[in-house]
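Here are the chains, one letter per residue:
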There are 2 protein chains.
Amino acid sequence: MAATDDRRPKYQRIADSLREAIRSGEYGPGDRLPGENDLMAAHGVARMTARQALGVLRDEGIAEARKGAGVFVRSFRPLRRRGIQRLAREQWGNGRSIWSADIESRVLEVDQVSVSEEAAPAYVSAALDLAAEDVVCVRRRRFVLDDKPVQLSTSYLPLALVAGSAVTQEDTGPGGTYARLAELGYEPVHFREEIRSRMPSPDEVSQLSISPGTPVILVCRTAFAAQGRPVEVNEMALDAASYVLEYDFDAS
Amino acid sequence: MAATDDRRPKYQRIADSLREAIRSGEYGPGDRLPGENDLMAAHGVARMTARQALGVLRDEGIAEARKGAGVFVRSFRPLRRRGIQRLAREQWGNGRSIWSADIESRVLEVDQVSVSEEAAPAYVSAALDLAAEDVVCVRRRRFVLDDKPVQLSTSYLPLALVAGSAVTQEDTGPGGTYARLAELGYEPVHFREEIRSRMPSPDEVSQLSISPGTPVILVCRTAFAAQGRPVEVNEMALDAASYVLEYDFDAS
């Protein structure tokens, strides 16, 4: 919007012009931005002003400093997550994992998985229509893309539905949890995804190696079997610098 | 995940326990959190440690300080934006605005609107299948909920399609832009929404009155008429503290 408001501090106006140059493509992902000396000369400002301007872009997650080399436009080569196609039955019904639909030619892997039986948090019990004392199977996974952790996923399933099945194993087998649910008579036929965003918790910063100034996108998916029976709640925390979420749908 | 890692600084462990108490519902939205004195007594720590712990929750946007009154769980009463239902033809086809589907009993209003004719940014030209020199109609709006600005929206439409229609007016009439596009023979039949998140720019902070430590959710929607013809690109920046985005869809 109003890109040149003269009442704004000089360093913000310099940051605005750099941001606009990045947005327009003048500086692409991975390009080196003008340094402090360049900005001092171009705008006739003190070093501290130039430094503050670059700091604004770093704080917004648009640029990143590389020690001794300067400040660069952050390489944003996001994972495109197609919300609707990826959950189509033909995907998991044919023994593919859901997330294999996301990755094109890139390598997305689960590098941590744990399975446990726990009392469900209250909001999970409510979403799964469970009584407070009911136990759930909890599957915690971390997903890594190109060696960078990009997603934490915590999936809750009513233990009464999945006890004794491969859902309670680390390796759920071909097609994963949804293929197993289908075999158990609880085939997911409908999904609801809720999307939020906030700054990461310290634990998320550490587990996802998140850069400063980068939020997480939270996706909470509920999977429903026939008759609207909820069979899974999956809470995901995504490194916002690594993802674009895409939803394609018709008007009617 | 690992909630009690004893190698982490004390203030982070106190922040973790408060965060968990909020997550579990022990402290609800608007509740006052234990103050510095309470935390000092409960955990046997110095005032600075208690202050740092509360600072972590403020920085994450979970809590907010109110001058002289303490630190409170932020009231998160988000606008639920149902991505697919809200764009159903019966919505705008019946003269309702798209966003009236979001608001239940709350008051969402456009408090700023401007319309102009501009050369399209390169990525908009590309998305709309336009030549570089083609001009677009640009509609910029700000949406306010309960007197708080929550969304900035910039909509681009090929001027060749909408010139002379109410789309180029501040008030587009009943059903808004999509109803007018339908009358012009370019009824939107398909949508793609792309979702990203990042920290707000200074301009977004100011226009949306965003609290510190709160990201924006970016929604970029492309509307397609028959034969996959793109007719609108709408870039939205949402205050992440004000929105939950919901997408409901079937498995096949």
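Rules behind the numbers
- Residues numbered from 1 in each chain as written.
- Chains lettered and ligands numbered in written order.
- Predicted model: local features only at pLDDT ≥ 70, side-chain atom pairs only at ≥ 80, totals over all residues.
- Heavy atoms only, no water.
- Contact = heavy atoms within 4.5 Å.
- Buried area = accessible area lost by both parts, 1.4 Å probe.
- Salt bridge = Lys/Arg side-chain N within 4 Å of Asp/Glu carboxyl O.
- Polar contact = N/O pair within 3.5 Å; in protein donor to acceptor, adjacent residues only side chain to side chain.
- Helix = DSSP H or I, 4+ residues; strand = E, 2+ residues; numbered from the N terminus.
- Pairing = 2+ DSSP bridges.
- Axes fitted to C-alpha atoms, helices over the stretch in contact; angles between N-to-C directions.
- Least-squares fit on C-alpha atoms with pLDDT ≥ 70 in both.
- Buried < 20%, exposed > 50% of the residue type's maximum accessible area, 1.4 Å probe, protein only.

Under an unreviewed UniProt entry, the name given to chain A is GntR family transcriptional regulator, and the source organism is Actinospica acidiphila.

Let's shift gears to the interface of chain A and chain B. In this complex, chain A contributes 50 residues to the contact, which on the side of chain B involves 50 residues. Taking both partners together, chain A and chain B bury about 4400 Å²; carbon and sulfur atoms supply 56% of that area. Counting the contacts that link chain A with chain B gives four salt bridges. Of the charged contacts in the structure, one is a salt bridge between D248(B) and R192(A), with a shortest N-O distance of 3.3 Å. For the pair chain A and chain B, the number of links is 17 residue pairs in polar contact (both at pLDDT 80 or more). Those elements that provide at least two residues to the side of chain A that touches chain B are helix 1 (10–23), helix 3 (47–59), strand 6 (148–158), strand 7 (190–198), helix 8 (202–208) and strand 10 (243–250) of chain A. By residue number, the principal contributor to the side of chain A that touches chain B is strand 7 of chain A, which donates nine residues. The sheet contact formed by strand 7 of chain A and strand 10 (residues 243–250) of chain B spans six bridges and is antiparallel. Considered in strand 10 of chain B, the bridge of F191(A) is made with F249(B).

Strand order in the open sheet made by the eight strands is 3(A)-10(A)-7(B)-8(B)-9(B)-6(B)-5(B)-4(B), with mixed pairing throughout. In this open sheet, the two edge strands, each paired with only one partner strand, are strand 3 (79–82) of chain A together with strand 4 (108–119) of chain B. Neighbour-to-neighbour, the strand axes of the sheet open up by a mean angle of 20 degrees, direction not taken into account.

The two copies are related by a screw motion: chain A maps onto chain B through a turn of 180 degrees and a shift of 0.0 Å along the axis, at an RMSD of 0.1 Å. Expressed as an axis order, the relation between the two copies is that of a two-fold axis. Same-surface contact between copies: 100% of interface residues of chain A are shared with the interface of chain B.

Relative to the elements of secondary structure, T177(B) occurs in helix 7 (residues 176–183). Here T177(B) is in contact with R139(B), L157(B), V167(B) and T172(B), once residues within four sequence places are set aside.

It is a general feature of regular strands that their side chains alternate between the two faces of the sheet. Residue and element names in this part refer to chain A. Among the ten residues in strand 8 (residues 216–225), ten count as buried, and that is most of the element. Side chains V216, L218, C220, T222 and F224 of strand 8 all project onto a buried face; the interleaved residues I217, V219, R221, A223 and A225 project onto the opposite face, where all are buried too. By the bridge criterion, nine bridges tie strand 7 to strand 8 in an arrangement that is antiparallel. Paired with I195 across the two strands is V219, which belongs to strand 8. When strand 8 meets strand 9 (residues 229–239), the two strands line up antiparallel, connected through ten bridges.

Below, the discussion takes up the pairing of strand 1 (residues 63–66) of chain A. Residues and elements named next belong to chain A. Inspection of the sheet shows strand 1 paired to strand 2 (residues 70–73) by four bridges, in the antiparallel sense. When the bridges of strand 2 are listed, R66 appears paired with G70. Counted between consecutive antiparallel strands, the loop separating strand 1 from strand 2 contains three residues, among which G68 sits at a positive phi close to 75 degrees.

Residues and elements named next belong to chain A. Topologically, G70 is positioned in strand 2. Between the C-alpha atoms of G70 and P34, which are 36 residues apart in sequence, the distance is 8.3 Å. With residues up to four places along the chain from it excluded, the contact list for G70 reads R32, E64 and A65.

Residue and element names in this part refer to chain A. Inspection of every chain in the model, using the stated rule, returns 26 salt bridges over all chains. In this structure, the salt-bridge partner of D239 is K148, at a minimum N-O distance of 2.8 Å. Note that D239 is positioned in strand 9 and K148 in strand 6, a separation of 91 residues in sequence. On the basis of relative accessible area, D239 is assigned to the buried category, the value being 3%. Using a relative accessible area of 25% as the deciding quantity, one classes K148 as partly exposed. If you follow the salt bridges from partner to partner, you end up with E36, R47 and R51 in one network.

The eight strands lie next to each other as 4(A)-5(A)-6(A)-9(A)-8(A)-7(A)-10(B)-3(B), forming an open sheet whose pairing is mixed. Looking at which strands have only one partner, the edges of the open sheet turn out to be strand 4 (108–119) of chain A together with strand 3 (79–82) of chain B. The average undirected angle you get between the axes of adjacent strands in this sheet is 20 degrees.

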